Structure formats: C-alpha cells, structure tokens
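# Descriptive analysis of the structure
The chain contents come next:
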Amino acid sequence: MEIVEPAGGAEIGVPFTLVVDSSEELGPTDTGNHHVHVYFDGDDSSYEVIESGNGEEHEITADSPALEGLEPGEHTLNVSLRNADHSAAGADAEITVTVGEAGSGGSPSDDENDESEEPPDYDY
C-alpha cells in the first residue's frame with residue numbers, strides 16, 4: 001500500500017487529488033475485491049472508500065466523510081487496504097500533509113487586501 005500523490009510534506013487544499021497504489025486488485029465491495037479507506041490522523045471512524053484504480057486519480061472533496069471536522073494545519077493522511085467486509089487487510093500507509101483552506105488547491109491567496117483581516121472560520 002502506497003500513497004503516490006500527494007507527496008509527504010505537501011500542502012493540500014480541498015478538494016485535492018489522491019493517488020494510491022496497492023499490490024491487491026481494488027474493486028467494489030460487492031465483487032469481493034479489496035478497497036481502500038482514506039482518513040486523517042488515525043481516526044478511521046470517518047473515512048472515504050476508494051473501490052477502484054491502482055494509480056488512478058481520485059478527487060477528495062469538501063463533502064468527504066474523511067474531512068469531517070478537519071481543521072486547516074498539519075495532519076496525517078492515512079490509507080488502509082480493506083477486505084470486502086471492511087476489515088483491515090494488513091496493509092497501511094500514511095504521510096504528513098498540511099491542509100489549507102477549502103478551495104485553495106494548496107496555493108496561497110493572491111489577494112493582497114486580506115492581510116489585515118482575521119482568518120475565516122473553516123467548516124469541513
């Protein structure tokens with residue numbers, strides 16, 4: 001199990017692109033294939049399921065359960081290979097990322113007039 005994108009240490013915005021690579025074939029749970037759970041900071045109670053695509057891009061959007069309650073800042077991005085019944089298959093990976101504000105794409109703001117304003121409240 002490997003996180004191909006984003007790179008460890010990257011600053012990511014929301015939405016962001018996730019690419020994983022697994023030695024197991026991924027597929028819908030009803031096919032009996034493995035799938036991947038994506039979550040943050042070791043909290044696998046709120047996760048997004050990826051059922052396809054070793055090496056394919058997956059967009060993780062603001063409405064993802066994995067981002068629920070996640071504040072901007074440094075976090076651990078976790079991925080876990082799961083059996084069709086959602087039990088752990090024993091292959092996990094994690095990287096540290098810095099999550100920026102929603103819609104930022106990880107890029108700093110080009111608006112110079114925001115310097116004196118309070119930072120906005122974030123609702124993920």
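Here we summarise the structure given alongside this text. What you see is a predicted model; the values in this text were computed from it and never measured. (Residues numbered from 1 in each chain as written. Predicted model: local features only at pLDDT ≥ 70, side-chain atom pairs only at ≥ 80, totals over all residues. Heavy atoms only, no water.)

## Examining the overall build of the protein chain
Helix and strand counts for the protein chain stand at zero helices and eight strands. Order of helices (α) and strands (β) in the protein chain, N terminus to C terminus: β-β-β-β-β-β-β-β. The buried share of the protein chain, reckoned over its 124 residues, is 35%. Pairs at least 24 apart in sequence give 62% of the contacts found in the protein chain among residues at least 6 apart. (Helix = DSSP H or I, 4+ residues; strand = E, 2+ residues; numbered from the N terminus. Buried < 20%, exposed > 50% of the residue type's maximum accessible area, 1.4 Å probe, protein only. Contact = heavy atoms within 4.5 Å.)

## Regarding the sheet that holds strand β3 (residues 16-21)
What the three strands build is an open sheet, ordered β1-β3-β6; its pairing is antiparallel. Of all the strands in the sheet, the pair left with one neighbour each is β1 (2-5) and β6 (57-60). Each adjacent strand pair in this sheet contributes to an overall mean axis angle of 40°, direction not counted. Here β3 pairs with β6 via four bridges, running antiparallel. In the sheet register, F16 faces β6, and the bridge partner there is I60. (Pairing = 2+ DSSP bridges. Axes fitted to C-alpha atoms, helices over the stretch in contact; angles between N-to-C directions.)

## Looking at the nonpolar core
Counting 22 residues, the largest nonpolar core has F16, L18, V36, F40, L77 and V79 as its most contacted members. At the level of secondary structure, the elements contributing two or more residues to this core comprise β2 (11-14), β3, β4 (35-40), β7 (73-82) and β8 (88-102). Of the residues forming this core, the biggest block, four residues, is contributed by β8. Each residue touching L77, except ones within four places of it in the same chain, is listed here: I3, P6, F16, L18, V38, Y39, F40, A93, E94, I95 and V97. (Core = buried A, V, L, I, M, F, W, Y, C linked by side-chain atoms within 4.5 Å.)

## Comments concerning the environment of S22
Checked against the element boundaries, S22 lands in the loop between β3 and β4. For the pair formed by S22 and H34, sequence separation is twelve residues and the distance between their alpha carbons is 9.5 Å. Among residues more than four places away in sequence, those in contact with S22 are M1, N54 and L81. Reaching out from S22, the side chain makes a polar contact with the backbone nitrogen of E24 at a distance of 3.0 Å. (Polar contact = N/O pair within 3.5 Å; in protein donor to acceptor, adjacent residues only side chain to side chain.)

## Brief notes about the environment of I12
Within the fold, I12 resides in strand β2. Assessed through its relative accessible area of 7%, I12 is described here as buried. Each C-alpha atom of the pair I12 and E101 lies 8.6 Å from the other, and the pair is 89 residues apart in sequence.

## Quick notes on the environment of S52
Note that S52 resides in the loop between β5 (48-50) and β6. The sequence separation of S52 and V36 amounts to 16 residues, and the corresponding C-alpha distance is 8.6 Å. Those residues in contact with S52, other than ones at most four positions away along the chain, are L26 and H58.

## Some words on unusual backbone geometry
Note that the residue after E5, namely P6, is joined by a cis bond; omega there is 5°. Counting through the fold element by element, P6 comes out in the loop between β1 and β2. Cis geometry is adopted by the peptide bond preceding P15, which originates at V14 and carries an omega value of 5°. By the element assignment, P15 lies in the loop between β2 and β3. Positioned with a positive phi, D41 is a non-glycine residue whose angle comes to about 55°. Examined against the element boundaries, D41 turns out to sit in the loop between β4 and β5. The backbone of H86 sits at a positive phi, close to 75°, despite the residue not being glycine. As for its placement among the helices and strands, H86 is situated in the loop between β7 and β8.

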